[in-house]
Amino acid sequence: MRVRAIVVVMSGIRIWLAPAVDATALARHAAGEMLGIDPAPIEIGREPAGRPYVVGATGMHLAISHTRELSAVAVTGLGPLGVDVEPLRPLPAAELARRWFSAPEADWVARHPDDFLLLWTAKEAVGKALGIGLRGDGLRRPMPLPPAATLIATIPGLPSMAVAAWAQDGIVLGLACDSAAALGASVTVSVAAPPARADSR
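Only a predicted model underlies this, so the values are computations on that prediction, with no experimental measurement involved.

**Topic: unusual backbone geometry**
Residues apart from glycine generally show negative phi values, whereas peptide bonds are mostly found in trans.
So, step 1. Look at D169: it is not a glycine, yet its phi comes out positive at around 55°.
So, step 2. Following the sequence through the fold, D169 ends up in the loop between β9 (161–168) and β10 (171–178).
So, step 3. Overall, D169 belongs to the exposed group, its relative accessible area being 57%.

**Observations regarding the environment of I42**
So, step 1. Within the element layout of this structure, I42 appears in the loop between α1 (23–35) and β3 (44–46).
So, step 2. Counting along the chain gives 13 residues from I42 to V55, while the straight-line C-alpha distance between them is 7.3 Å.
So, step 3. Non-local contacts of I42, meaning those with residues more than four positions away in its chain, are made with R28, A31, G32, I37 and V54.

**A look at helix α4 (residues 116–130)**
So, step 1. Between the first and last C-alpha of α4 there are 22 Å, a value that for 15 residues agrees with the 21 Å anticipated at 1.5 Å per step.
So, step 2. Across the 15 residues that make up α4, a large majority, 13, are buried.
So, step 3. Directly after α4, the chain includes G131, whose backbone phi takes a positive value near 80°.

**Considerations on a nonpolar patch on the surface**
So, step 1. Together, M34, L35 and I37 line one region of the surface with nonpolar side chains, adding up to about 240 Å² of accessible area.
So, step 2. Residue position: L35 is located in helix α1.
So, step 3. Overall, L35 belongs to the partly exposed group, its relative accessible area being 40%.

**What to know about the side chain of E86**
So, step 1. For E86, the position within the fold is in strand β7 (residues 81–87).
So, step 2. Given a relative accessible area of 15%, E86 falls into the buried group.
So, step 3. A distance of 3.1 Å separates the side chain of E86 from the side chain of R89, its partner in a polar contact.
So, step 4. Beyond its immediate chain neighbours, meaning those up to four positions away, E86 contacts T67, L117, W120, T121, I171 and V172.

**Notes on the pattern of salt bridges**
Oppositely charged side chains may form a pair once their charged atoms are brought near each other.
So, step 1. Going through the model one piece at a time under the given rule, you end up with 6 salt bridges.
So, step 2. E69 is the salt-bridge partner of R68, the closest N and O atoms lying 3.9 Å from each other.

**Remarks on the nonpolar core**
So, step 1. One finds F101, V109, F116 and V126 to be the most contacted residues of the largest nonpolar core, which totals 24 residues.
So, step 2. Taken together, the elements giving at least two residues each to this core come down to α2 (93–100), α3 (103–111), α4, β9 and β10.
So, step 3. Look past the residues within four positions of V126 in its chain and what remains in contact with it is R141, M143, I155, L158, M161, V163 and A176.
So, step 4. If you look at the next biggest cluster of nonpolar residues, it comprises 20 residues, including I13, I15, L70 and A164.

**Remarks on the packing of α2 against α3**
Any two packed helices are characterised by how steeply their axes cross, that is the angle between the axes, and by the distance between the axes.
So, step 1. Viewed as axis vectors pointing N to C, α2 and α3 meet at an angle of 175°, and their least axial separation amounts to 8 Å. Relative to α3, α2 is oriented roughly antiparallel. Of α3, the residues touching α2 (which contributes A93, A94, A97 and R98) are A106, V109 and A110.
So, step 2. A class-by-class count of the residues in the contact of α2 with α3 yields 6 nonpolar, no polar and 1 charged.

Definitions and cut-offs
Residues numbered from 1 in each chain as written. Predicted model: local features only at pLDDT ≥ 70, side-chain atom pairs only at ≥ 80, totals over all residues. Heavy atoms only, no water. Helix = DSSP H or I, 4+ residues; strand = E, 2+ residues; numbered from the N terminus. Buried < 20%, exposed > 50% of the residue type's maximum accessible area, 1.4 Å probe, protein only. Contact = heavy atoms within 4.5 Å. Expected span 1.5 Å × (residues − 1). Patch = residues over 30% accessible without salt bridge, like charges linked within 9 Å, V, L, I, M, F, W, Y side chains within 5 Å. Areas by Shrake-Rupley, 256 points an atom, 1.4 Å probe, with all protein chains shown as cover. Salt bridge = Lys/Arg side-chain N within 4 Å of Asp/Glu carboxyl O. Polar contact = N/O pair within 3.5 Å; in protein donor to acceptor, adjacent residues only side chain to side chain. Core = buried A, V, L, I, M, F, W, Y, C linked by side-chain atoms within 4.5 Å. Axes fitted to C-alpha atoms, helices over the stretch in contact; angles between N-to-C directions. Parallel < 35°, antiparallel > 145°, perpendicular 65-115°, else oblique. Nonpolar A, V, L, I, M, F, W, Y, C, P; charged D, E, K, R; others polar.

In structure tokens, the structure reads:
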């Protein structure tokens, strides 16, 4: 498995991206690197609502996202975590926003159609950090309007939820962490050298 490690510095959160790779294998690789152990025996479990976790690794929070072409895994010790990845692509942004978002957000997207995926991935990430996904009207949850360069908490009713979204290298990433320790952290993204090989079981 070829892995691009994207490090979110200052927040204590690390994100791994890999093209066309099994997301569970990538999660084992990420957990192994964070724990300093061989990833082969690591087990990734699922809570009843679907949130992934590293079996036996108390205090390690894990989030997974994947598309047909890309997998993303985020890991932190700060608190419950969510990540969402989408390829940057043309979309009928105003129509989608009118269907799925609140009226004020749909109006905003109509004026900023290029930022639709930033808002979408941020909503997805918050739902994953909450462990409920987008159930319960998650797409209508009020959000800070992107682009956000810091992990910020302005989500009504979620005072410790830090959220950000950004676009880079043809992808859009949304990130959320339910921890006061992550609040206000700058999101600085840099590409680290990937390992030559990693277990792909």
